[in-house]
There are 2 protein chains.
Amino acid sequence: MFDKDTLGKYAELVLKKGVNIQSGQGLEIACPITEAYVAHAVAEKAYSLGASIVRVRWEDELLDKINYINASEKALSEVPKWFVASKNYLAEKGFCYIAVSAEDPAAFKDVPAEKTAAAAVARSRALKKFSETVMANGIRWCVAPAPSKAWAKQVYGDGEDSVKRLTADIEKAMRLDLPDPQAAWEKHVQNLERRAEILNGHKFALLRFENKLGTDLTIGLARDHVWLSAREKAADDVEFIANMPTEEVFTAPHAGIAEGVVKSSMPLSYNGQIIDDFYIRFKNGRVRDFYAEKGNDALKNIIGTDAGTRRLGEAALIGKNSPVAQAGTLFFNTLFDENASCHLALGKAYPTTVKNGRALNLKQLKALGANDSSEHVDFMIGTPDLKVTGIKNDGSEIPVFTDGEWCF
Amino acid sequence: MFDKDTLGKYAELVLKKGVNIQSGQGLEIACPITEAYVAHAVAEKAYSLGASIVRVRWEDELLDKINYINASEKALSEVPKWFVASKNYLAEKGFCYIAVSAEDPAAFKDVPAEKTAAAAVARSRALKKFSETVMANGIRWCVAPAPSKAWAKQVYGDGEDSVKRLTADIEKAMRLDLPDPQAAWEKHVQNLERRAEILNGHKFALLRFENKLGTDLTIGLARDHVWLSAREKAADDVEFIANMPTEEVFTAPHAGIAEGVVKSSMPLSYNGQIIDDFYIRFKNGRVRDFYAEKGNDALKNIIGTDAGTRRLGEAALIGKNSPVAQAGTLFFNTLFDENASCHLALGKAYPTTVKNGRALNLKQLKALGANDSSEHVDFMIGTPDLKVTGIKNDGSEIPVFTDGEWCF
């Protein structure tokens, strides 16, 4: 766990740089019950920064597991109206939202995948409005990690120092080990923004990914796509950082253009189940076939969620020398692993990754090629030899990545 | 904390004898995050008894305290509609409800009483429909204790064995130390029912309470009042036990008849604040004046909640030799202390404590003298020398308690 000093820095960072909480604003924190001390510290700091009220949505994977194992798919699929209302309440009341991520990557390994899938599908359908709000930055939100015992065990084993090591990883990735984390983040964000600017200048039509693992995939980019990075503006024009750590520069693919095959380069922990060693083949932008050596049922459930989970909604570039990648550790947590590796996402595109996207309706977004879905699931494709090439409308090619790292 | 064996017995007891869960029924458990293992054990057992789904409403007094200290009274008074809906959902969906009580009696001692009061008043007003449902047994519910560290500290001090001692008290009071707790409860319940029957036979008009501490109070009983004890029938005609432990035989006073003064015999922990050494004087059924040597503001807030908190809603009789009383311990928890001592309650009367009460509307209940309020707060008045006398309509007097114990 974080020590007191780090905890103070952590709270300040996620509140100021993360959600950028404003005086008089409400805050919701989603937090596992095992990491309550983090919620308490963030709540106290939030008040000192002028929060009006702090609500905590407690999470508990042990209870979830008991439910998944014992309840029927039908019972698990019931999402109460009040639960949906409790989520939509955040945007209605202008709350900002911090999610403390400390999932046990293998929490539900003993649960049949169709059980977790039934619950996940029902929830993501019921919460479509909420996820649209979040993905369009209708509220300021930030996902940040905390070192739970269960997570540390999956990363570093049963040893006594597992939590300590994961804690150190988190502190490093979040730049909490530096004397002035706020200043370090400012510098980091500006670096990422510079790269996004260069990419935006190129106005690529296509991106090609190639490596020795077997990836040979060309994807289209949405018309009017915008490369974004760490810092975005919310609907209220106030800046925030949605992920901490974050190392990615990302944009919207064209949902109708993807040809070839992509191989996973890291296991994916999704809903407490691990999917590993998989390929996905695309034809005309749509998943044609796929297979995972491990967790194929879980992958099938993701892809089968709705029409949109058969197409791409995000392409993100991260150099192999990113601090998270350099840790050389597999974290089994998307918040980390996506920042160690170039990745794609199945499902909904962030509306903000096309020009003026927040002002566009679904039809207009689709017309530009931005994908729609009730889900958005990242999967990692970066390797040390990954080559990424940008292709312009005139057919000219610009190297973007070579040997897994930025060319500029 | 409970050991594994006791935990199993506990879960079975609160589920079978407590809420009497039926196959296919949903269950909600309200539980402090510090006692999650209790919720997990009850959830697992509930499924083995046929529950369809188990939801847990996590509680956290540390967060509550942070909110009370830092948020404004206005912000604390906002009760979201979805929160109200989440409570009413239980009756709508036919859930039963278990509340795990492990409060720190002094959780909010550093919080200004007006802050906790503002929140409590707003909540009880917003949840009036829900508490009406609960008090009329519209759902089957059960409050049962768990030995938290914070609670044990208030009862037994900082010592290492505090939790152990409180755990033993709870096991004893809940008859979990006996080989067959279910059978022991059946016998206990029948004993209480026998006493209630005798009282019902007398059809008292008034009850007089007297002791050397200074209590000299005569209260009316509601017309058609019914003495109840541990076991009741819910709206669906299924039996349940609402409190574990429970030693009381109780009924509805007449809201318009109470003359004299009553002295508290034990401290009252209410909303994390302790009220002690107080008197309340009644005139024509209404609180005329009162004073608490400790926590007078908190008492003032209770009495000032609404018109109904100025009148009585329950009279309960418990002998000084009850197992809880014999422990000789002050638990600072109403679930325990009310079962160690005769008590009265300010606020709403249980509709079921008048004949056919569940079928009567508010106007009809009031016509019989049953009090209405958004609150119901017990306070203890029993002493080893307490004398309780029943007075019939013809003026004849029947001794009910002498020297703090039943006369029959």
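Residues numbered from 1 in each chain as written. Chains lettered and ligands numbered in written order. Predicted model: local features only at pLDDT ≥ 70, side-chain atom pairs only at ≥ 80, totals over all residues. Heavy atoms only, no water.

Caption draft 1: Summary view of the overall build of chain A. A count of helical and extended segments in chain A gives 14 helices and 19 strands. For a compact globule of 408 residues, the expected C-alpha radius of gyration is about 22 Å, and chain A comes in at 20 Å, within 12% of that figure. Within chain A, contacts between residues at least 6 apart in sequence are counted, and of these 75% link residues at least 24 apart. Counting every atom, chain A has about 16,100 Å² of accessible surface; 48% of that belongs to carbon and sulfur. (Helix = DSSP H or I, 4+ residues; strand = E, 2+ residues; numbered from the N terminus. Rg over C-alpha atoms; globule rule 2.2 N^0.38 Å. Contact = heavy atoms within 4.5 Å. Areas by Shrake-Rupley, 256 points an atom, 1.4 Å probe, with all protein chains shown as cover.)

Caption draft 2: Region of interest: the interface of chain A and chain B. Facing 28 residues of chain A, the contacting portion of chain B comprises 28 residues. Approximately 2,600 Å² of surface area, both sides summed, lies buried where chain A meets chain B, with 70% of it carried by carbon and sulfur atoms. Here chain A is connected to chain B by two salt bridges. The partner of K93 of chain A in a salt bridge is E78 of chain B, and the shortest N-O contact between them spans 3.3 Å. (Buried area = accessible area lost by both parts, 1.4 Å probe. Salt bridge = Lys/Arg side-chain N within 4 Å of Asp/Glu carboxyl O.)

Caption draft 3: Inspection of the pattern of salt bridges at higher detail. The tally for this structure, following the rule as stated, stands at 40 salt bridges over all chains. D372 of chain B is the salt-bridge partner of K128 of chain B, the closest N and O atoms lying 3.3 Å from each other. With a gap of 244 residues between them, K128 of chain B in helix α7 (residues 128-135) and D372 of chain B in the loop between α14 (362-367) and β16 (376-380) connect regions that are remote in the sequence. Note on K128 of chain B: relative accessible area 23%, which makes it partly exposed. Taken together, the shared-partner salt bridges in this structure form one network comprising K17, E186, E193, R231 and E239 of chain A. (Buried < 20%, exposed > 50% of the residue type's maximum accessible area, 1.4 Å probe, protein only.)

Caption draft 4: The relation of the copies chain A and chain B, seen in detail. For the pair chain A and chain B, the superposition axis carries a translation of 0.0 Å, the fit reaches an RMSD of 0.0 Å, and the rotation angle comes to 180°. What the rotation and shift describe, once combined, is the action of a two-fold rotation axis. Minimal C-alpha separation from the rotation axis in chain A is found for W82 of chain A, amounting to 2.4 Å. Comparing contact sets, 100% of the residues at the interface of chain A also lie at the interface in chain B, consistent with an isologous, same-surface contact. (Least-squares fit on C-alpha atoms with pLDDT ≥ 70 in both.)

Caption draft 5: Main features of the pairing of strand β5 (residues 206-210) of chain B. Residue and element names in this part refer to chain B. As judged from the five bridges shared by β5 and strand β6 (residues 216-221), these two strands associate in the antiparallel manner. Residue pairing for β6: L207 is matched across the bridge by I219. From the end of β5 to the start of β6, which pair antiparallel, there are five residues, and G214 there has a positive phi angle of about 125°. Direction of pairing for β5 relative to strand β17 (residues 387-391): antiparallel, over a ladder of five bridges. By the bridge assignment for β17, L206 is matched with I391. (Pairing = 2+ DSSP bridges.)

Caption draft 6: Local environment of the packing of aromatic side chains. In the structure shown here, the tally under the stated rule is 24 aromatic pairs over all chains. With a centroid separation of 6.0 Å and 80° between ring planes, the pair formed by Y89 of chain A and W82 of chain B is classed as edge-to-face. Taken as a pair, Y89 of chain A in helix α5 (residues 81-92) and W82 of chain B in helix α5 (residues 81-92) lie in two separate chains rather than in one. Of the two residues, Y89 of chain A and W82 of chain B, neither departs from the other in class, the shared state being buried. When the ring centre of W185 of chain A is taken as reference, the NZ or CZ atom of R175 of chain A above it lies at 5.6 Å. (Phe/Tyr/Trp six-rings, centres within 6.5 Å; stacked < 30°, edge-to-face > 60°. Lys NZ or Arg CZ within 6 Å of the ring centre and 35° of its normal.)

Caption draft 7: Structural context of the packing of helix α8 (residues 149-156) of chain B against helix α9 (residues 162-173) of chain B. Residue and element names in this part refer to chain B. Running from N to C, α8 and α9 cross one another at 90°; their axes reach a closest spacing of 8 Å. Relative to α9, the element α8 lies roughly perpendicular. On α9, the residues that touch K149, W151, A152 and Y156 of α8 are S162, V163, R165, L166, D169 and I170. Classifying every residue of the contact of α8 with α9 by side-chain character gives six nonpolar, one polar and three charged. (Axes fitted to C-alpha atoms, helices over the stretch in contact; angles between N-to-C directions. Parallel < 35°, antiparallel > 145°, perpendicular 65-115°, else oblique. Nonpolar A, V, L, I, M, F, W, Y, C, P; charged D, E, K, R; others polar.)

Caption draft 8: The packing of helix α1 (residues 4-18) of chain B against helix α2 (residues 36-48) of chain B, seen in detail. Residue and element names in this part refer to chain B. Packing of α1 against α2 brings their axes to within 9 Å, and their N-to-C directions diverge by 60°. By the angle class used here, α1 and α2 are oblique. Seen from above, α1 lies across α2 with right-handed handedness. Here L7, G8, Y10, A11, E12, V14 and L15 of α1 lie close against α2, whose contacting residues are Y37, V38, A41, V42, K45 and A46. Each residue belonging to the contact of α1 with α2 can be placed in one class, and the counts come to ten nonpolar, one polar and two charged. (Left-handed = near helix turned anticlockwise from the far one by under 90°.)

Caption draft 9: Region of the structure containing unusual backbone geometry. All names here are of chain A. The amide bond that connects M244 to the next residue, P245, takes the cis arrangement and shows omega of 5°. Along the chain, P245 turns up in the loop between β8 (239-241) and β9 (249-251). In this structure, N271 takes a positive phi of about 55° despite not being glycine. Relative to the elements of secondary structure, N271 occurs in the loop between β11 (268-270) and β12 (273-283).

Caption draft 10: Here's a closer look at the side chain of D378 of chain B. Residues and elements named next belong to chain B. Mapping D378 onto the fold places it in strand β16. Salt bridges are absent for the buried D378, whose nearest opposite-charge side chain, K348, sits at 14 Å. If sequence neighbours within four positions are ignored, D378 has contacts with L268, E314, T334, E338, H343, L344 and A345. (Lys, Arg positive; Asp, Glu negative; His and termini not counted.)

Caption draft 11: Highlighting the sheet that holds strand β2 (residues 54-59) of chain B. Residue and element names in this part refer to chain B. Ordered in space as β2-β1-β3-β4, the four strands form an open sheet in which the pairing is parallel. The outermost strands of the open sheet, each flanked by one partner alone, are β2 and β4 (141-145). With direction set aside, neighbouring strand axes in the sheet form an average angle of 20°. As paired strands, strand β3 (residues 96-101) and β4 are joined by five bridges and run parallel to one another. Bridge pairing in β4 places A99 opposite V143.

Caption draft 12: A look at α5 of chain A. All names here are of chain A. End to end, α5 covers 16 Å across twelve residues, agreeing with the expected 16 Å (1.5 Å per residue, within 8%). Within the span of α5, buried status applies to W82, V84, S86, K87, N88, Y89 and L90. Of the residues trailing α5, G94 is marked for its positive phi of about 70°. (Expected span 1.5 Å × (residues − 1).)

Caption draft 13: A look at the sheet that holds strand β16 (residues 376-380) of chain A. Residues and elements named next belong to chain A. With antiparallel pairing, the four strands of this open sheet are ordered in space as β9-β14-β15-β16. Each end of this open sheet is capped by a strand with a single partner; those strands are β9 and β16. When the angles between neighbouring strand axes are averaged without regard to direction, this sheet yields 20°. Pairing analysis gives three bridges linking β9 to strand β14 (residues 312-317), with the strands arranged antiparallel. Across the sheet, F250 pairs through a bridge with A316, a residue of β14.

Caption draft 14: Quick look at the environment of L221 of chain A. All names here are of chain A. Locating L221 in the fold gives a position in strand β6 (residues 216-221). Take L221: its relative accessible area is 5%, and that puts it in the buried class. Taking C-alpha positions, L221 is 9.8 Å from V354, a pair spaced 133 residues apart along the chain. Once residues lying within four places of it in the same chain are set aside, the contact partners of L221 are F204, A205, L207, W227, T251, A252, P253 and H254.

Caption draft 15: Broad picture of the pairing of strand β13 (residues 286-294) of chain A. Summarising the sheet, β12 of chain A and β13 of chain A pair through seven bridges and their orientation is antiparallel. Its bridge partner being in β13 of chain A, K283 of chain A is matched across the sheet by R286 of chain A.

Caption draft 16: Here's a closer look at helix α1 (residues 4-18) of chain A. All names here are of chain A. Between its first and last C-alpha atoms α1 spans 20 Å; for 15 residues at 1.5 Å apiece the expected length is 21 Å, and the two agree. Within the sequence span of α1, burial applies to T6, L7, Y10, A11, L13, V14, L15, K17 and G18. A distance of 3.2 Å separates the backbone nitrogen of D5 from a side-chain oxygen at the start of α1, and that oxygen is part of D3. (Polar contact = N/O pair within 3.5 Å; in protein donor to acceptor, adjacent residues only side chain to side chain.)

Caption draft 17: The confidence of the model for chain A, seen in detail. Here chain A shows a mean pLDDT of 95. Residues at 70 or above account for 100%. Complex prediction metrics read pTM 0.91 and ipTM 0.91. (pLDDT = per-residue confidence, 0-100.)

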